[in-house]
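Architecture at a glance
Below, each chain spelled out in residue letters.
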Amino acid sequence: MKFKTFLAIAFLLPMISIAQSDLQTILKGGELLLSGLSIFKVAKSDAKSDSKIIESVCVKNKLVDKITFRILGKNEEGEEIKKELVVQKDGKECLFILPKGIYTYEIVLPNKEIYKKGEYKFDDDVVITIKDN
């Protein structure tokens, strides 16, 4: 029995220990894979930076009540852009395809009290989280 076990180990050990590829080949393959992926990332970011629109602006509500999120701005032609979102407690709502620019915003509570007001420059996709200070 010991002889059969020894023979099996002696026969299988060289097959297991021979590497299919060496470390140099593995590293070169990983380098090629990463450089290929980085090309896709650069191409994607270039397309977005030339765009004059934002694909999504999302608002998360972490307050105890629902809120109304209003933005007001102007596009390149000078036309007024006015958007309003009602975001439930622990909810998330999004605006899609919004022109880049500076917008005034206000966050209104259910009792019509203004919680926050200000300006924000939208130049990329963004998620705004509203929470208690």
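Note: the structure precedes this text.
Keep in mind the model is a prediction, meaning the values are calculated, not measured. (Residues numbered from 1 in each chain as written. Predicted model: local features only at pLDDT ≥ 70, side-chain atom pairs only at ≥ 80, totals over all residues. Heavy atoms only, no water.)

Spatial strand order, E4-E1-E7: three strands in an open sheet with mixed pairing. Of all the strands in the sheet, just strand E4 (92-99) and strand E7 (126-130) have a single pairing partner and so form its edges. Adjacent strand axes in the sheet meet at a mean angle of 20°, parallel and antiparallel pairs treated alike. (Pairing = 2+ DSSP bridges. Helix = DSSP H or I, 4+ residues; strand = E, 2+ residues; numbered from the N terminus. Axes fitted to C-alpha atoms, helices over the stretch in contact; angles between N-to-C directions.)

This paragraph deals with the nonpolar core. Ranked by internal contacts, the top residues of the largest apolar core, which has 20 residues, are Val 57, Ile 67, Phe 69, Ile 71 and Phe 122. Elements supplying a minimum of two residues to this core: strand E1 (53-61), strand E2 (67-74), strand E3 (80-87), E4, strand E5 (101-108) and E7. Look past the residues within four positions of Ile 71 in its chain and what remains in contact with it is Ile 81, Lys 82, Lys 83, Leu 95, Leu 98, Tyr 103, Thr 104, Tyr 105 and Phe 122. (Core = buried A, V, L, I, M, F, W, Y, C linked by side-chain atoms within 4.5 Å. Buried < 20%, exposed > 50% of the residue type's maximum accessible area, 1.4 Å probe, protein only. Contact = heavy atoms within 4.5 Å.)

To continue, consider the sheet that holds E5. On the basis of which strands lie adjacent, the open sheet formed by four strands has the order E3-E2-E5-E6 and antiparallel pairing. Every interior strand has two partners, whereas the edge strands, E3 and strand E6 (114-122), have only one. Between one strand axis and the next, the sheet turns by 15° as a mean value, whatever way the strands run.

Moving on, we come to the pattern of salt bridges. Across all of its chains, the model carries three salt bridges by this definition. The salt bridge involving Glu 106 is made with Arg 70; its shortest N-O contact spans 3.2 Å. Residue Glu 106 is located in strand E5, and its partner Arg 70 is located in strand E2; the two are separated by 36 residues in the primary sequence. Several salt bridges converge on common partners, so that one network encompasses Arg 70, Glu 84 and Glu 106. (Salt bridge = Lys/Arg side-chain N within 4 Å of Asp/Glu carboxyl O.)

Time to look at unusual backbone geometry. Backbone geometry places Ile 97, a non-glycine residue, at a positive phi of 55°. By the element assignment, Ile 97 lies in strand E4. Take Ile 97: its relative accessible area is 59%, and that puts it in the exposed class. Positive phi, close to 70°, is recorded for Lys 112, a residue that is not glycine. Considering the arrangement of structural elements, one finds Lys 112 in the loop between E5 and E6.

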